[in-house]
Structure formats: C-alpha cells, structure tokens
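# What the coordinates show
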Amino acid sequence: MAYDLLEEYLRVERLPHVWCPGCGHGVITHALACAMAELRLDPDRTAVIGGIGCSGRAAFLFDMDAMHTTHGRAIVFATGLKLVRPQLTVILTLGDGDAVGIGGNHFIHACRRNLDLTAIIYNNSIYGQTGGQVAPTTPPHKKSTTSPYGNLEYPFDIAQLAIAAGATYVARTTSFDFRDMVKFIKRGILHKGFAVIEVLTHCPTYYGRLNEMRDPYEMLHRLKEHTVPLEEWEQLSAEERADKIVVGELHCQERPEFVESYYALITRMQSQQVKGDGN
Amino acid sequence: MKRYEQNGFFLEIEPRRCKGCGVCVQSCPMNVLILNDAGKVEAKEIMRCVFCGICEQRCPDFAISVHKSV
Ligand SMILES: Cc1ncc(C[n+]2csc(CCOP(=O)(O)OP(=O)(O)O)c2C)c(N)n1
Ligand code: SF4
Ligand code: SF4
Ligand code: SF4
Ligand SMILES: [Mg+2]
C-alpha cells in the first residue's frame, strides 16, 4: 500500500490536524496523498491551493508549495500560478461553498477555459467552518443553522454544473469509496485540462448533528446508500433515481488546453515578430 | 506508536493522532478494534485481524495503518 510513501507528501508533524473527530475531510486528504504517491508526483513540481473553509485547510498539510487563498478565489490564484509555471501540477482543495457558492463564477469560467488544473471538491453540503450555514449544495428540506425548518432551495449538482460549463474530466464519488477517490484523482491529475472530482462527504459536527446523523460511521453509510454507480444508474427508472445520486466517471473529453494554447500563441507571435524584423 | 505484528503484516496505531471517533472500530469486519478508557483506539483482538485495510481507509486522522513486514 502507498501508505509508507505518505510521509514524502504530507507534513506529518502537523498531525493531528484541526478537523473534528470523524470529519470526512481527512479521508479525502488521505486519498489525495495516496493518489500523489501512486503517481510518484515530484513534490517540488506539485502545488496545492486551498480556499477558505475547513476544506481549504487541506492545502497546508501537504509538504510542497501550498497556498491558502481567499474564500472562493483559489481557482484565480491557481490560474495565475499555472500560467507562469506551466510545468507544475496544480491541485485545488475546495469546499462546496468555496467552489460553487462565493466562487461559482470562477468555477464555471475555469471549466470553460479548460486550464490544466485538478479541482477536488470536498462537498459536505454545508458551510462547515463558519458554523453550519445553508450552502448552495444543501439538499431540499435539510436543516442547517440558517435553514432551521428545512432548506427551501434546490441545490446545485456540482458534477453536472461542471460538465455543462465545459470541464473536460468530471467524476463524482464519496468519502466511503476510498479506491474510487484515489482512482479518479489520479485520472484527473493525468488528464490534460480542467478536471473536477466531486467527493460527497460527511460533516458530523454540523450537517450530521443538525440532521439527526451525529455518528460519522452512520453518515458514511448513508452516503453509500444514497449513491448509485453509473453502470447501475443507467438501468434505473426515473422513480428509482429520485432521491439517489449517480457516482462514477461522468465525463471525459479532449479539448485544447488553455495554457498550451496560450504559450503556442506567444511562440507564434514571437516568430512573426522575428520575421517582421528581418524585412 | 504501537505496532501489532502477525503473519507477515503489522497494524500500526499512532495514539497521538487518534481522535477517538470510533469509525474504524465500527468498520472493522473482524471486531479487532476497541476504544480504550483514554478514548484512543487499540487492537484488542489482533489475532482476528485479516489486514484488510478498511480501518486505514476510513480513518480521517492518519492514525491507523496496515503494512507488510519486511
Ligand atoms: C469573502 C468571504 N466571505 C465569507 C467568508 C466566511 N466564510 C469562511 S469559510 C465559509 C464557508 C465554508 O464553506 P465551504 O466552502 O463549503 O467549506 P467547508 O468549511 O464546509 O469545508 C465562509 C462563508 C470569508 N472568509 N470570506
Ligand atoms: S465543521 Fe464539519 S467540515 Fe469542518 S472540521 Fe468539523 S466536521 Fe469537518
Ligand atoms: S485491517 Fe481489517 S481486520 Fe484488521 S483491524 Fe483493520 S479493519 Fe479490522
Ligand atoms: S478512525 Fe482513526 S481517529 Fe477514529 S478512532 Fe479510529 S484510529 Fe482513531
Ligand atoms: Mg462545505
């Protein structure tokens, strides 16, 4: 198992981390570290960028260049970094609020541009860090500190949003499915273009406590029960799909990648200039 | 750090990292693990362990792991 390699990728001296007992964010971070180890990524050529939120804190557990940016703007910092250092593998650790709440606009435009970044979305259906407020991902009727009688809104489906906006690799899984997290993160990193790996995860402290699922083990199993692998999903009727969420590799497409197109343009313009100077 | 060795494998527990959430205890198919009085995980029945790695995959705190002895 790749576990023995983890110390190469993680700042183990920072453990125990700040997340609550049983929090799914630690499990996703473990899967991300395993994916890095299995790909033998060079820590000197890898960077992790987090936003603000419990999820954003994952960035500085990695023993490599990391940025803890502003809420919703991690993609902006990652875009700048990737453009000036195209040789880096740039990975984003985003919360659901961070990615599609305050950062929703940056998110859809990153999908459209197809920059070679890998965004891991720690989707716990709530604003964890600030005390359990309703998020654009909170399912209908679920409680949060700002929807104490149940959420009246309809949530974003992050994976579908990413596909519609033009992301070229989109997968969804849960914090229960450890090997799928590792597999999809690895494929997302290897994919040339904007890759989104949405991980449905558990926040026992807020989402769980407010929705009568305080026990992290029970929350993990609920996630498993509510999700259906793509192969099975295709066989289900509309009624059978209600209340369920499809997981798997949902989308993969080849399309010109922005950073490459950008440098190709620079090279082309420079060669034209050289020719021009000769005249 | 505690090490429980058996049949060419070992289970490693780092009590300093364990937050006592109990997820590994509930997830273990062989009922190997318990939480002790200090709220930390312990491999009480290591004889039953099949080194499946489920506890390692469920732990959010990098506190329990399975390794091959070399
Ligand atoms: C510009 C700005 N607005 C609001 C906040 C307050 N804030 C901090 S984290 C957060 C939401 C976190 O939720 P999410 O992104 O889902 O991450 P989680 O904590 O659930 O992992 C908010 C609203 C902030 N830090 N900056
Ligand atoms: S508040 Fe929720 S998301 Fe944040 S660390 Fe605690 S359990 Fe995890
Ligand atoms: S490796 Fe498997 S059997 Fe052994 S303690 Fe962990 S979950 Fe239980
Ligand atoms: S899952 Fe990890 S943190 Fe939770 S009780 Fe087990 S070893 Fe401790
Ligand atoms: Mg959240």
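Our subject is the structure that appears above.
The structure contained in this document is the topic of the report that follows. Please read all numbers here as calculations on a predicted model, not as lab measurements. (Residues numbered from 1 in each chain as written. Chains lettered and ligands numbered in written order. Predicted model: local features only at pLDDT ≥ 70, side-chain atom pairs only at ≥ 80, totals over all residues. Heavy atoms only, no water.)

### Some details on the interface of chain B and chain A
The parts lose accessible area when they come together, and the size of an interface is often stated as this lost area. Across the contact, 18 residues belong to chain B and 27 residues belong to chain A. Carbon and sulfur atoms make up 59% of the surface buried where chain B meets chain A, a total of about 2100 Å² over both sides. Considering only the side of chain B, the residues that lose the most area to chain A are Lys19(B), Gln57(B) and Phe62(B), jointly responsible for 34% of the buried surface there. The interface formed by chain B and chain A holds 0 salt bridges in total. Where chain B packs against chain A, one counts 8 residue pairs in polar contact (both at pLDDT 80 or more). Counted by class, the side of chain B that touches chain A contains 7 nonpolar, 5 polar and 6 charged residues. (Contact = heavy atoms within 4.5 Å. Buried area = accessible area lost by both parts, 1.4 Å probe. Salt bridge = Lys/Arg side-chain N within 4 Å of Asp/Glu carboxyl O. Polar contact = N/O pair within 3.5 Å; in protein donor to acceptor, adjacent residues only side chain to side chain. Nonpolar A, V, L, I, M, F, W, Y, C, P; charged D, E, K, R; others polar.)

### Re the site of ligand 4
Inspection of the region around ligand 4 gives 13 residues, with Cys18(B), Cys21(B), Gly22(B), Cys24(B) and Cys59(B) positioned closest. The residue inventory of the shell around ligand 4, partitioned by class, reads 9 nonpolar, 2 polar and 2 charged. (Near = heavy atom within 4 Å.)

### Section: the site of ligand 3
In the vicinity of ligand 3, the contacting residues are Cys28(B), Pro29(B), Met30(B), Val32(B), Leu33(B), Cys49(B), Val50(B), Phe51(B), Cys52(B), Gly53(B), Cys55(B) and Val66(B). Residue composition of the shell around ligand 3, grouped by class: 11 nonpolar, 1 polar and no charged.

### Re the coordination of the magnesium ion (ligand 5)
Six octahedrally arranged donors around a metal ideally form angles of 90 or 180 degrees; four tetrahedrally arranged donors ideally form angles of 109.5 degrees. Residue and element names in this part refer to chain A. Taken together, Asp 96 (OD), Asn 124 (OD1) and Ile 126 (O) make up the full set of protein donors to the magnesium ion (ligand 5), lying 2.0 to 2.1 Å away. Between consecutive donor residues of the magnesium ion (ligand 5), the sequence gaps follow D-x27-N-x1-I. Of this pair, Asp 96 sits in helix H4 (residues 96-102) while Ile 126 sits in the loop between strand E4 (118-123) and helix H6 (158-165), and the two are 30 residues apart along the sequence. On the accessibility criterion, Ile 126 (1% relative accessible area) is buried. (Donors = N, O, S within 2.8 Å, 3.2 Å for Na, K, Ca; no water. Helix = DSSP H or I, 4+ residues; strand = E, 2+ residues; numbered from the N terminus. Buried < 20%, exposed > 50% of the residue type's maximum accessible area, 1.4 Å probe, protein only.)

### Re the pairing of strand E8 (residues 245-252) of chain A
With 4 bridges connecting them, strand E5 (residues 169-174) of chain A and E8(A) associate as antiparallel partners. Looking at the pairing, Ala171(A) lines up with Glu249(A) of E8(A). (Pairing = 2+ DSSP bridges.)

### Considerations on unusual backbone geometry
Residue and element names in this part refer to chain A. Residue Leu 15 is joined to Pro 16 through a cis peptide bond whose omega torsion reads 0 degrees. Positionally, Pro 16 belongs in the loop between helix H1 (6-9) and helix H2 (24-38). Look at His 141: it is not a glycine, yet its phi comes out positive at around 70 degrees. Along the chain, His 141 falls in the loop between E4 and H6. Since its relative accessible area comes to 67%, His 141 is described here as exposed.

### Thoughts on the side chain of His25(A)
The topology assignment puts His25(A) in helix H2. Those residues in contact with His25(A) that sit more than four places away from it in its chain are Trp19(A), Cys54(A), Ser55(A), Tyr122(A), Asn124(A) and Thr201(A).

### Some remarks on the sheet that holds strand E3 (residues 89-95) of chain A
Note: strands within a sheet are paired through backbone hydrogen bonds, in either parallel or antiparallel orientation. All names here are of chain A. The 8 strands are arranged E2-E1-E3-E4-E6-E5-E8-E7 in an open sheet whose pairing can be described as mixed. Edge positions in the sheet fall to strand E2 (65-68) and strand E7 (227-229), since each has one partner strand and no second. With direction set aside, neighbouring strand axes in the sheet form an average angle of 20 degrees. Pairing of E5 with strand E6 (residues 195-200), which is carried by 6 bridges, proceeds in the parallel orientation. (Axes fitted to C-alpha atoms, helices over the stretch in contact; angles between N-to-C directions.)

### Some details on the pattern of salt bridges
Applying the stated criterion across every chain yields a total of 16 salt bridges over all chains. The closest approach of N and O atoms between Lys186(A) and Glu38(A), which form a salt bridge, is 2.9 Å. Here Lys186(A) is found in helix H7 (residues 178-190), whereas its partner Glu38(A) is found in helix H2, with 148 residues between them in sequence. The partly exposed category is assigned to Glu38(A), whose relative accessible area is 27%. Of the charged contacts in the structure, one is a salt bridge between Lys44(B) and Glu45(B), with a shortest N-O distance of 3.7 Å. Because the salt bridges share partners, they merge into one network encompassing Lys82(A), Asp116(A), Lys192(A) and Glu260(A).

### Points about the packing of helix H5 (residues 104-113) of chain A against H6(A)
Residues and elements named next belong to chain A. Orientation of H5 relative to H6, taken along the N-to-C sense of each, is 50 degrees, at an axis distance of 8 Å. It follows that H5 is oblique to H6 by the angle criterion. Judged by the twist between their axes, the crossing of H5 over H6 is right-handed. On H6, the residues touching Phe 107, Ile 108, Cys 111 and Arg 112 of H5 are Ile 158, Leu 161, Ala 162 and Ala 165. The residue inventory of the contact of H5 with H6, partitioned by class, reads 7 nonpolar, no polar and 1 charged. (Parallel < 35°, antiparallel > 145°, perpendicular 65-115°, else oblique. Left-handed = near helix turned anticlockwise from the far one by under 90°.)

By themselves, these observations are geometric and do not establish any function.
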